[in-house]
Each structure stands twice: as C-alpha cells, then as structure tokens.
Amino acid sequence: MNELEKLGIEIKRDEPLAPYTAYKIGGPADYFVNIRASADLPKVIEAAEKDKIPYMLLGGGCNTVFSDKGFRGLVIHNMANKIEVHGSQMIVESGTPLSLVIAEALKHELGGIDKLFGLPGTIGGAIYGNAGAQGVEIGDFVVSVKIYRSGQGIVEEPKEYFQFSYRHSFLKKSHEIVLEVKLDLPTLDPDGAPIEVLKFRAEKQPKGKVAGSFFKNPTANESAGFLIDKAGLKGLKVGDIEISQQHGNWLMNLGSATQKDILAVARKTKEIVKEKFGIDLEPENILIDEHGNRIDI
Ligand SMILES: Cc1cc2nc3c(=O)[nH]c(=O)nc-3n(C[C@H](O)[C@H](O)[C@H](O)COP(=O)(O)OP(=O)(O)OC[C@H]3O[C@@H](n4cnc5c(N)ncnc54)[C@H](O)[C@@H]3O)c2cc1C
C-alpha cells in the first residue's frame, strides 16, 4: 500500500460494492477509491501495480455483477466527467455518464448519439462493451480514444484499433483503461426526438434493480428474450432473482439477491435454451469473481 498511500487520496477499506451497481449485488472491496480527473487514473494504476494490488475499473456498475465475497484488491470508481465541445467533436473524460454526454451534444445541436438516450452508465463502460440501442452503437461515433496501457503509459489509438462489433471492443482482450474519448457527431435531426426513445424504454423495459439485457442476442434476427420467452422461462426464480415477466432477457433483483442467484438462473436458462433450440447463449452482463476473473456461465 506504500505507493497508493503516497498519492494522498482517500482510500476506503472494505467498501460494500452493491450500492455502486445496478443490480445492487456485491460484497466488499478490500480497497476503493473515487477518481474525479482522468489524469489521476494512470497515477492510481501505476501505484497499484507497484504495490502489487490487483485493480479493476468501475464506471456506473450498470453491466457488472460483483461476487458476493466482493473483490480482493482495489476498485477504481471512475467519476472523471469533463466534457469539451469543438465544432462537431466532443472530448469526454471516461467517467462521464452517457446521459451527460448526450445532454451536452443536444445543447450544441449534435445528434446520432441521442438514440442512446436512457442507456445508463459511463462512456468508459460504453466503449468497453460497445453499448448500443435503436440501431446505433457508441463505436459509430468514436474518432480516437486515449487509453492507459500497462508498461507504456498513455497512448491515443484510432477507432479501428478497438475493433468495435456487437457488444464487443478489443479492450475486452487488452485490458487497457479508457481515459478520454473523442467523438464526432452528426448535426441533430430535429425529427429524431430523444423523447420517443425514452418512451420506448419506459414502455418496454422493466424497472427496479435491473441491468439491461442479461444475454447477447445470438443473431441479429433472433433475440435472446424471444428464445427465453418461447422456452417458457419467464418468471423462473432462484432466491431473489427472477426472469422478468415483461422482458425475457432481463433479470430482476426482487430484494436481496446474490451473484449466486444470478448464476443459478443464468445457467438454467442457458441449459434449457440449448436443449430446446440448440443455441448457445452468451452473457452480456459481466460476472466477476472475487479475484476479478470473469465467470463462465
Ligand atoms: C436499465 C438499464 C438499461 C440498459 N440498456 C442497455 C442498452 O440498451 N444497450 C446496452 O448496450 N446496454 C444497456 N445496459 C447495460 C449498461 O448500461 C451498459 O453496458 C453500459 O455501457 C455500462 O456502463 P458502466 O459505466 O455502468 O459500466 P460498468 O458496469 O461500470 O463496467 C462494465 C465493464 O467495463 C469496464 N470499464 C468501465 N469503465 C472502464 C474504463 N474507463 N476503461 C476500461 N474499462 C472500463 C469495467 O471494468 C467492466 O468490466 C443497460 C443497463 C441498465 C441498468
């Protein structure tokens, strides 16, 4: 802890992670810091590396399911949220909520990204998983991204480097950290009202302790929700996790659900969909164990 302590920032210990996530699931992190400027991210990461403390980035926690045992290392909660606008381009710190990016874009009559209205989380988290909705993905608007690469420091890479595809970016393999994102946006289409997008979400999406689609859609024409519904799995419940009656691909935390409950429902769903339709569902939500490794479903 020597190097981290030298930075003089507040380091919380045994910080419960559940309140920082959409599902409200997760035990305590050994260490936890809030970061408010992207320039501080490399400093904290380098210190953690020198101290040999495993670390992980957390944005809005809208796609993350932590272990019930928490995380044996440092959670870096990214709240760096500065935005600059230069003509059609925006330069955004990675902890900025997507909602703020969209609001700022609208103020400058920039659009395209307004289709992502109502999609929660930070732009860093969105870049990591190439979040998308209504036929657009965040990667569509990226010019370049400043990242922290372990051993090399800060580098700026063009859009192509990230190999954006459906809910995928190269960051899932490289584990580099997004510091700042440069976007180029088209002029706002006055008919593409974001209110319509919000209305769609309000009507179609379950509310409560939810984190969007649990599984990726297996193909563009075949949604995971449709298959789960057809398999008769809506309402399947383990502990306090239930498959929503409203949307087959959304899991609801009915009260004090655990990661174990999510795993049980997800594995059962995957097994039955495979049995009935021969299709392998892959998770979109990210489940991680107490050492930061991804858990296979
Ligand atoms: C109500 C609701 C609706 C949703 N609807 C949609 C939807 O329509 N479409 C969609 O795609 N998703 C949707 N989601 C899922 C979620 O909003 C997105 O995946 C979002 O982009 C996650 O951002 P986050 O900041 O919360 O990421 P987190 O959950 O905090 O992190 C996700 C992953 O990204 C990594 N990460 C975070 N920040 C960085 C960074 N700066 N650098 C490197 N890695 C980083 C984390 O380590 C983690 O592995 C929805 C979620 C909810 C709760």
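Each value, and the rule that gives it
- Residues numbered from 1 in each chain as written.
- Predicted model: local features only at pLDDT ≥ 70, side-chain atom pairs only at ≥ 80, totals over all residues.
- Heavy atoms only, no water.
- Helix = DSSP H or I, 4+ residues; strand = E, 2+ residues; numbered from the N terminus.
- Expected span 1.5 Å × (residues − 1).
- Contact = heavy atoms within 4.5 Å.
- Domains from an automatic or database assignment.
- Buried area = accessible area lost by both parts, 1.4 Å probe.
- Salt bridge = Lys/Arg side-chain N within 4 Å of Asp/Glu carboxyl O.
- Polar contact = N/O pair within 3.5 Å; in protein donor to acceptor, adjacent residues only side chain to side chain.
- Nonpolar A, V, L, I, M, F, W, Y, C, P; charged D, E, K, R; others polar.
- Near = heavy atom within 4 Å.
- Areas by Shrake-Rupley, 256 points an atom, 1.4 Å probe, with all protein chains shown as cover.
- Buried < 20%, exposed > 50% of the residue type's maximum accessible area, 1.4 Å probe, protein only.
- Arc of directions from axis to C-beta.

### Describing helix α8 (residues 259-277)
With 19 residues, α8 should cover 27 Å at 1.5 Å per step; its first-to-last C-alpha distance of 26 Å lies within 8% of that length. Contact partners of the buried residues in α8: β4 (64-65), α7 (224-230), β13 (237-238), β14 (241-243), β15 (251-253) and β16 (286-287). Following α8 by one or two positions, Gly-278 adopts a phi angle in the positive range, close to 65°.

### Examining the domain arrangement of the chain
Each assigned domain of the chain is listed here: domain 1 (2-78), domain 2 (83-184) and domain 3 (206-287). At the interface, 11 residues of domain 1 touch 16 residues of domain 3. It is Tyr-23, Asn-63 and Val-65 in domain 1 that bury the most area against domain 3; as a group they hold 57% of the surface buried on that side. Run the count over domain 1 and domain 3 and you get zero salt bridges. The tally of links between domain 1 and domain 3 comes to 10 residue pairs in polar contact (both at pLDDT 80 or more). In terms of residue class, the side of domain 1 that touches domain 3 is made up of six nonpolar, three polar and two charged.

### Looking at the site of the ligand
Of all residues adjacent to the ligand, which total 34 residues, the nearest are Leu-57, Thr-64, Pro-120, Thr-122 and Gly-132. Burial of the ligand by the protein amounts to 91% of the accessible area it has alone, namely 980 Å². Secondary-structure elements contributing two or more residues to the shell around the ligand are β3 (55-58), α4 (123-129), β8 (132-133) and β12 (177-184). Here the element with the most residues in the shell around the ligand is α4; it accounts for four residues. Tallied by class, residues from the shell around the ligand come to 17 nonpolar, 13 polar and four charged.

### Structural notes on helix α3 (residues 98-107)
Burial in α3 covers these residues: Leu-98, Val-101, Ile-102, Glu-104 and Ala-105. Projected down its long axis, α3 carries its buried residues within an arc of 165°, all on one side. Against β6 (83-86), β7 (89-93), α4 and β12 lie the buried residues of α3. Note on α3: the residue one or two positions beyond its end, Glu-109, has a positive phi of about 55°.

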